[in-house]
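Residue strings, one per chain:
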Amino acid sequence: MLVDSEKVRRLIVEVAESEVMPRFEKLETGDISEKGPGDLVTVADVASERRLTPALRDLLPGSLVVGEEAAAADPAVLTLLGGDDPVWVVDPIDGTANFAAGIPIFAIMVALIRRGETLAAWIHDPVKRVTASA
């Protein structure tokens, strides 16, 4: 099971540029809500995850996706982590509270796991336009 790390990086960068950064420091009151007490979600989180989910599946046919927002809406999504299929784990904006407050310290995080083992991971800082992967 090989995945082209550069394709994943480019996908994350493109989603950051199209879904996240255009909304940074431009959110309106209705663009921010709580999934739970003190746990924020923004329209950018939802849009980012919505774009990443099918695109990641396309990069690795047969893979599944567990996104933070999907799991918050339906905790049963977490059961996907226990199977034999490779699973993309997505945090569409890590540091949502910072993002929502206009603080430029947040990232998009993606990992590929299988049977509990992390195979690869990416973290992208959309403000500095820097991606680290392992």
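Scroll up for the structure.
Quick caveat: nothing in here was measured; it's all calculated off a predicted structure.

A. Focus on helix α1 (residues 5-20). Across its 16 residues, α1 extends 21 Å between first and last C-alpha, which sits within 8% of the 22 Å expected from 1.5 Å per residue. Every buried residue of α1 is listed here: Val8, Leu11, Ile12, Val13, Val15, Ala16, Glu19 and Val20. Contacts from the buried residues of α1 go to α2 (43-59), β4 (87-94), α4 (96-101), β5 (107-114), β6 (117-125) and β7 (130-133). Where α1 begins, one side-chain oxygen reaches toward the backbone nitrogen of Glu6, 3.0 Å away; that side chain belongs to Asp4.

B. Molecular detail of the sheet that holds β4. In spatial order, the strands read β3-β4-β5-β6-β7; together these 5 strands make up an open sheet with mixed pairing. Of all the strands in the sheet, the pair left with one neighbour each is β3 (64-67) and β7. Taking each pair of neighbouring strands and ignoring which way they run, the sheet shows an average axis angle of 15 degrees. One ladder, built from 4 bridges, connects β6 with β7; its direction is antiparallel. Counterpart to His124 in the pairing with β7 is Thr131. Docked against the sheet, α1 engages β4, β5, β6 and β7, running at close to 40 degrees with respect to β6. Across the face of the sheet, α2 comes into contact with β3, β4 and β5 while running at roughly 155 degrees to β4.

C. Focus on the environment of Thr131. Structurally, Thr131 is set in strand β7. As a C-alpha pair, Thr131 and Ala44 span 87 residues in sequence and 19 Å in three-dimensional space. With residues near it in sequence (within four places) discarded, Thr131 still touches Arg9, Val13, Ile123 and His124. One polar contact links Thr131 to His124, side chain to side chain, over a distance of 2.6 Å.

What counts, and at which threshold
Residues numbered from 1 in each chain as written. Predicted model: local features only at pLDDT ≥ 70, side-chain atom pairs only at ≥ 80, totals over all residues. Heavy atoms only, no water. Helix = DSSP H or I, 4+ residues; strand = E, 2+ residues; numbered from the N terminus. Expected span 1.5 Å × (residues − 1). Buried < 20%, exposed > 50% of the residue type's maximum accessible area, 1.4 Å probe, protein only. Contact = heavy atoms within 4.5 Å. Polar contact = N/O pair within 3.5 Å; in protein donor to acceptor, adjacent residues only side chain to side chain. Pairing = 2+ DSSP bridges. Axes fitted to C-alpha atoms, helices over the stretch in contact; angles between N-to-C directions.

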